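Report on the structure
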Amino acid sequence: MLAEQTASAMYSRDAASQLIDLQLLSVRPGYSRLTMRVRPDMVNGHHICHGGYLFTLADSAFAYACNSYNRNTVASACHIDFLSPAREGELLEAESVERSLSGRTGLYDTTIRNQHGKVIALFRGKSYRIAGEVIAGLEAKDSEQGSSTSTADLMAEPVEGNPQ
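As the structure is a prediction and not an experimental result, all values here were calculated from the model.

Conventions adopted
- Residues numbered from 1 in each chain as written.
- Predicted model: local features only at pLDDT ≥ 70, side-chain atom pairs only at ≥ 80, totals over all residues.
- Heavy atoms only, no water.
- Helix = DSSP H or I, 4+ residues; strand = E, 2+ residues; numbered from the N terminus.
- Polar contact = N/O pair within 3.5 Å; in protein donor to acceptor, adjacent residues only side chain to side chain.
- Contact = heavy atoms within 4.5 Å.
- Buried < 20%, exposed > 50% of the residue type's maximum accessible area, 1.4 Å probe, protein only.
- Phe/Tyr/Trp six-rings, centres within 6.5 Å; stacked < 30°, edge-to-face > 60°.
- Lys NZ or Arg CZ within 6 Å of the ring centre and 35° of its normal.
- Pairing = 2+ DSSP bridges.
- Axes fitted to C-alpha atoms, helices over the stretch in contact; angles between N-to-C directions.

1. Observations regarding the side chain of Asp-109
- Mapped onto the elements, Asp-109 comes out in strand β5 (residues 105–113).
- Here Arg-99 takes part through its side chain, which lies 3.0 Å from a polar atom of the side chain of Asp-109.
- Here Arg-124 takes part through its side chain, which lies 2.6 Å from a polar atom of the side chain of Asp-109.
- Aside from chain neighbours lying at most four places away, what touches Asp-109 is Glu-95, Ser-96, Val-97, Arg-99, Phe-123 and Arg-124.

The structure is reproduced here in structure tokens:
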């Protein structure tokens, strides 16, 4: 339930995702699934989906997965491999899965597929937890220890090497 509340709060403030009509299908701790329909205004000069939109879809799925614990988390690095073109009208699905979470850092893999299950792109994101909560006052779940951490506890921890 915390992951769903966090995702809802994030989406309400996420103008970029709303602009390209990303739809959040599923979210749970360390996981998310989003869809995006490739519109005519999203295709490039080769009449395939512009890589920037594919990156945005994958990056958004990554963001919802790594913020699902209600702890403010940002990307510290990411990489995408475009494997197959996406065409106008296709419904794309991005599934992001947490592979590792230790301390303030995490590693997430996101796969974008079209409606036929064909893999369009593979994205790997590294996350970095910063101070604060997505929804202030809600308990943030600590995935490593199963305990709760308050905003005050997070603020007491020094933030070193913050990429943002």
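2. Comments concerning the side chain of Ser-96
- In this fold, Ser-96 is placed in strand β4 (residues 91–102).
- Judged by its relative accessible area of 0%, Ser-96 is buried.
- Side-chain polar atoms of Ser-96 contact the side chain of Thr-110, separated by 3.0 Å.
- Once residues within four sequence positions are removed from consideration, Ser-96 is found in contact with Gly-30, Tyr-31, Ser-32, Ala-61, Phe-62, Ala-65, Tyr-108, Asp-109 and Thr-110.

3. Topic: the packing of aromatic side chains
- Applying the stated criterion to the full structure yields three aromatic pairs.
- Between the aromatic rings of Phe-55 and Phe-123, the centroid separation amounts to 5.4 Å while the plane-to-plane angle is 70°, which identifies the pairing as edge-to-face. On the criterion of sequence distance, the pair formed by Phe-55 in helix α3 (residues 51–66) and Phe-123 in strand β6 (residues 119–129) is long-range, its members being 68 residues apart.
- Phe-55 sits in the partly exposed class, given a relative accessible area of 27%.
- Pairwise contacts between aromatic rings join Phe-55, Phe-62, Tyr-108 and Phe-123 into one cluster.
- The ring of Tyr-31 carries the charged tip of Arg-28 above its face, separated from the ring centre by 3.8 Å.

4. Examining the sheet that holds strand β3 (residues 73–82)
- Pairing within the open sheet is antiparallel, and its six strands lie in the order β1-β2-β4-β5-β6-β3. With partners counted over all chains shown, the strands left at the sheet margins are β1 (23–28) and β3, one partner each. Between one strand axis and the next, the sheet turns by 15° as a mean value, whatever way the strands run.
- Against the sheet, α3 touches β1, β2 (31–37), β3, β4, β5 and β6, its axis set at about 150° to β2.

5. A few points about the pairing of β2
- Counted residue by residue, β2 has five buried out of seven residues, so it is predominantly covered.
- Pairing between β1 and β2: five bridges, direction antiparallel. Considered in β2, the bridge of Ser-26 is made with Arg-33.
- Where β1 folds back onto β2 in an antiparallel hairpin, the turn is made up of two residues, including Gly-30, whose phi is positive at roughly 75°.
- Note: β2 against β4, seven bridges, orientation antiparallel. Looking at the pairing, Ser-32 lines up with Ser-96 of β4.

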